[in-house]
2 protein chains.
Amino acid sequence: MASEPPEHRFAGVQQHPLVAVDVALFALTGGALYCLLVQVKDGSFAGKWAFPGGLVRADESLDDAAERELFELTGVRGGYIEQLYTFGRPERDPARRVVSASYLALVANLNLSVNAGARYGAVKWFAADKLPPLAYDHDQVGRMALQRLRAKLQYTNIVYSLLPKEFTLGELQEVYETILHRRLDRRNFRKKILALGLLRQLSKKRLGTHRPAALYAFKQKRPMVIEMV
Amino acid sequence: MASEPPEHRFAGVQQHPLVAVDVALFALTGGALYCLLVQVKDGSFAGKWAFPGGLVRADESLDDAAERELFELTGVRGGYIEQLYTFGRPERDPARRVVSASYLALVANLNLSVNAGARYGAVKWFAADKLPPLAYDHDQVGRMALQRLRAKLQYTNIVYSLLPKEFTLGELQEVYETILHRRLDRRNFRKKILALGLLRQLSKKRLGTHRPAALYAFKQKRPMVIEMV
DNA sequence: CCAAAAGTGTTGGTCTTACACCCATGC
DNA sequence: GCATGGGTGTAAGACCAACACTTTTGG
């Protein structure tokens, strides 16, 4: 057997696909779930909406790239972000082969000062259950992101990333009802959530239109797997 | 604002990472879970064990590449395979930047005629809970694969891919006990599994060393999410 | 005083767990 | 006849789902 060059691991010819990340960012407001989309400027998908994203740079990891893309567009750093799935069909971008790792990101409020900058035609929040047809294979990204979000809401504590520091139990419950598309019994919900011991009751109250509600905060804002609902 | 070239989506300079897939293949025998590793031939990890894998070709998707790699090494096609996670730290392979999508694959029996061919120094099954230190970031791949396998065994029916066409309830239970590292009550297990209605009892019996056991088969060999244990 | 959301326990049903003995076969 | 895994039911406890009235505030 002939000796092999040290590069044999890379021996297969490859028209080096580009490597990109795409970020599906979600936020809640007014009892509805929203998703941030950008308008593609050029190419065969010009004018279509898509998840924001871009190429991974030479010196950064996929995670770094996703966080950077999110930061550049929204100014948000340090929120919840996790890798979702990697898409690599050769024809997913007709212009050039691009393999793209998609990410799921969550923020507590959608009043971000997003600006399209030079890269995108526009940036806009869309109701997550009524996304327009998307560019590339981003319809699939959107479906997977929602599915992952729903699943993880139930068996992890990541809901903390969708809420402000202080919130009422009613607001917490509303997050679940909105995303899971089902009504929860208030008494059972409170019992269950409080029994988990993840919340700390604050002495303050949320003064509002009616009876003041006790405010709570998460003791820990760190992903944990735990049966929430 | 200056007009942009149509390639603006690829404007970030990128020293085109290579795109690869790695496959963590598992199989059961004799009440233990095994995992197929190959020995790296060259480079700074020469001699180390790793999951088999290789570059994605120009005309194939990531899934295709993973299935091809698995087939080339083992002759197995059409078993269970799913994408696990994509690793992309710039320094994960010191020789060259490689972004690698890892896959989890399952086969029913480990008596495969694997041959190292020219690419690998050796190919060998290792007990899944005692893997040697692996090359690249494959330790992490191994941990994630096991974790995913354990999780999916519980909330999907993929156990079908680890069993032959016909099996006894005792063998099915053994699969769960082996992978989940816990003993299950035989009566409760049978009750639960049969109540799910996924199995079809065959008229045949497994004749063996002692009392013959009824043979069962899965009605459907297709991934479904369902609470199994 | 009215509207609106907050807060609070109990009960019945379902699901889960624990547990022990007889059976059919090969040797 | 004995060793080995196959096959079976029941009872107690844990968990989950359903359900209605009172409280507190703002207007």
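Please refer to the structure higher up on the page.
Cut-off values and rules
Going along each chain's sequence as written, the residues are numbered from 1 onward. Ligands are numbered from 1 and chains lettered from A, in the order in which they are written. Only residues with pLDDT of at least 70 are given local features in this predicted model, and only at 80 or more are side-chain atom pairs given and counted; all residues enter the totals for whole chains, interfaces and linings. For the side-chain quantities, the full set of heavy atoms in the structure was used; hydrogens and water were omitted. By definition, any uninterrupted DSSP run of H or I lasting at least four residues is a helix, any uninterrupted run of E lasting at least two residues is a strand, and each is numbered from the N terminus. In what follows, a contact means two residues having at least one pair of non-hydrogen atoms within 4.5 Å. Note on areas: these come from Shrake-Rupley sampling with a 1.4 Å probe, and a residue is covered only by the protein chains present in the view. For this count, His and the chain ends are skipped, Lys and Arg are scored as positive, and Asp and Glu as negative. To locate a charge, take atom NZ for lysine, CZ for arginine, CG for aspartate or CD for glutamate. Here, expected helix span is obtained from the residue count minus one, scaled by 1.5 Å. To sort residues, take the accessible area from a 1.4 Å probe on protein chains only and compare it with the maximum for the residue type: under 20% means buried, over 50% means exposed, and anything in between is partly exposed. The rule for pairing is simple: two strands pair if DSSP sees at least two bridges between them. Here a polar contact means two N or O atoms within 3.5 Å. Within protein one must be a hydrogen donor candidate and the other an acceptor candidate, and residues neighboring in sequence count only if both atoms are side-chain atoms. We call a residue near a molecule or strand when any one of its heavy atoms sits within 4 Å of it. Here the term charged refers only to Asp, Glu, Lys and Arg, the term nonpolar to Ala, Val, Leu, Ile, Met, Phe, Trp, Tyr, Cys and Pro, and the term polar to all other amino acids, Gly among them. Patches in this entry comprise residues that are over 30% relatively accessible and not in a salt bridge; like charges within 9 Å are linked, as are nonpolar side chains (Val, Leu, Ile, Met, Phe, Trp, Tyr) within 5 Å. When a carboxyl oxygen of Asp or Glu is within 4 Å of a side-chain nitrogen of Lys or Arg, the pair counts as a salt bridge. Note on geometry: axes are lines fitted to C-alpha atoms, helical ones only across the stretch in contact, with angles between N-to-C directions running from 0 to 180 degrees. Working definition: roughly parallel below 35 degrees, roughly antiparallel above 145 degrees, roughly perpendicular at 65 to 115 degrees, and oblique for all remaining angles.

A.B. asks: Can you walk me through the overall build of chain A in this structure?
C.D. replies: From N to C terminus, chain A includes 4 helices and 10 strands. Going from the N terminus to the C terminus, chain A shows its helices and strands as β-β-β-β-α-β-β-β-α-β-α-α-β-β. A principal-axis box enclosing the C-alpha atoms of chain A has dimensions of 75 × 45 × 30 Å. Taking all contacts inside chain A whose residues are at least 6 apart in sequence as the whole, residues at least 24 apart take part in 68%. Accessible area of chain A: about 11200 Å², with a carbon and sulfur share of 51%. Computing the positive centroid from 33 side-chain charges and the negative centroid from 23, chain A places the two 11 Å apart.

A.B. asks: I'm lost on helix α3 (residues 169-180) of chain B in this one. Help?
C.D. replies: Given 3.6 residues per turn, any residue in an α-helix points the same way as the ones three and four places further on. Residue and element names in this part refer to chain B. Across its 12 residues, α3 extends 16 Å between first and last C-alpha, which sits within 8% of the 16 Å expected from 1.5 Å per residue. Buried residues dominate α3, accounting for 9 of its 12 residues. Among the residues trailing α3, His-181 stands out with phi positive, at a value near 60°.

A.B. asks: In this structure, what is going on with the pairing of strand β6 (residues 98-106) of chain A? I would like to understand it.
C.D. replies: In regular strands, side chains alternate between the two faces of the sheet. Residue and element names in this part refer to chain A. For β6, a buried count of 9 out of 9 residues is recorded, marking the element as mostly surrounded by other parts of the structure. The side-chain alternation of β6 yields two buried faces, one formed by Val-98, Ser-100, Ser-102, Leu-104 and Leu-106 and the other by Val-99, Ala-101, Tyr-103 and Ala-105. Here strand β1 (residues 18-29) runs beside β6; their pairing, made up of 9 bridges, is parallel. Opposite Leu-25, over in β6, you have Ala-105 as the bridge partner. Relative to β6, strand β5 (residues 80-87) runs antiparallel, the two being bridged by 7 bridges. Of the residues in β6, the one forming a bridge with Tyr-80 is Leu-106.

A.B. asks: Would you take a moment to explain the environment of Arg-68 of chain A for this structure?
C.D. replies: Residues and elements named next belong to chain A. Along the polypeptide, Arg-68 turns up in helix α1 (residues 62-74). Assessed through its relative accessible area of 12%, Arg-68 is described here as buried. On a C-alpha basis, the gap between Arg-68 and Ser-161 in space is 18 Å, while along the polypeptide they are 93 residues apart. Apart from the residues lying within four places of it in its own chain, the contact partners of Arg-68 are Leu-55, Arg-57 and Glu-60. Looking at Arg-68, its side chain comes within polar contact range of the main-chain oxygen of Leu-55, at 3.1 Å. Polar contacts involving the side chain of Arg-68 include one to the side chain of Glu-60, which spans 2.5 Å.

A.B. asks: So what exactly am I meant to see when it comes to the protein's contact with DNA strand D here?
C.D. replies: In the vicinity of DNA strand D, 19 residues are found, and the nearest of them are Thr-209 and Arg-211 of chain A together with Arg-186, Arg-211 and Ala-214 of chain B. Within 4 Å of the protein, the contacting atoms of DNA strand D are 36% sugar and phosphate, with bases supplying the remainder. With 5 residues, the top contributor of residues to the surface near DNA strand D is helix α4 (residues 186-196) of chain B. Class assignment of the residues belonging to the surface near DNA strand D gives a composition of 4 nonpolar, 6 polar and 9 charged.

A.B. asks: Explanation requested: the sheet that holds strand β8 (residues 167-168) of chain B in the structure shown.
C.D. replies: Strand pairing within a sheet occurs via backbone hydrogen bonds; the two strands may be parallel or antiparallel. All names here are of chain B. Overall, antiparallel pairing links the 3 strands, which are arranged β8-β10-β9 in an open sheet. Whereas interior strands pair on both sides, the edge strands pair on one side only; in this sheet they are β8 and β9 (199-206). By the bridge criterion, 5 bridges tie β9 to strand β10 (residues 213-218) in an arrangement that is antiparallel. Paired with Gln-201 across the two strands is Tyr-216, which belongs to β10.

A.B. asks: For this particular structure, what's the right way to read a positive patch on the surface?
C.D. replies: All names here are of chain A. Where like charges cluster on the molecular surface, the positive patch consists of Arg-186, Arg-187, Arg-190, Lys-191, Lys-205 and Arg-211. No other element matches helix α4 (residues 186-196), which puts 4 residues into the positive patch. In this structure, Arg-211 sits in the loop between β9 (199-206) and β10 (213-218). Exposure remark for Arg-211: the relative accessible area of 78% places this residue in the exposed category.

A.B. asks: I keep staring at the protein's contact with DNA strand C and nothing clicks. Help me out?
C.D. replies: Around DNA strand C, the surrounding shell holds 18 residues, and the nearest of these are Arg-186 and Ala-214 of chain A together with Asn-188, Thr-209 and Arg-211 of chain B. A distance of 2.5 Å separates a base oxygen of DNA strand C from a polar side-chain atom of Arg-186 of chain A. In this structure, Arg-187 of chain B approaches DNA strand C through a side-chain N or O atom, which is 3.1 Å from a base nitrogen. Mapped onto the surface near DNA strand C, the elements with two or more residues apiece are α4 and β10 of chain A together with α4 of chain B. Looking at which element gives the most residues to the surface near DNA strand C, the answer is α4 of chain A, with 4 residues. For the surface near DNA strand C, the residue count by class is 4 nonpolar, 5 polar and 9 charged.

A.B. asks: So what exactly am I meant to see when it comes to the pattern of salt bridges here?
C.D. replies: Oppositely charged side chains can form a pair if their charged atoms are brought close together. Summed over all chains, the structure comprises 28 salt bridges over all chains. The shortest N-O distance in the salt bridge between Arg-183 of chain A and Glu-177 of chain A comes to 4.0 Å. Between Asp-137 of chain B and Arg-92 of chain B there is a salt bridge, with its nearest N and O atoms 2.7 Å apart. Of this pair, Asp-137 of chain B sits in the loop between β7 (123-127) and α2 (138-155) while Arg-92 of chain B is found in the loop between β5 (80-87) and β6 (98-106), placing the two residues 45 residues apart along the sequence. Asp-137 of chain B sits in the buried class, given a relative accessible area of 6%. The network of salt bridges with common partners includes Arg-57, Glu-60, Arg-68, Glu-69, Glu-72 and Arg-119 of chain A.

A.B. asks: Explain the packing of α3 of chain B against α4 of chain B here, please?
C.D. replies: Working note: a packed helix pair is described by the angle between its axes plus the distance between those axes. All names here are of chain B. Interhelical geometry of α3 versus α4 gives an angle of 100° and a closest axis separation of 11 Å. When the interaxial angle is binned, α3 and α4 end up roughly perpendicular. From α3, Leu-169, Leu-172, Gln-173 and Tyr-176 reach across to α4, where they touch Arg-186, Phe-189, Arg-190, Ile-193 and Leu-194. Here the contact of α3 with α4 is composed, by residue class, of 6 nonpolar, 1 polar and 2 charged.

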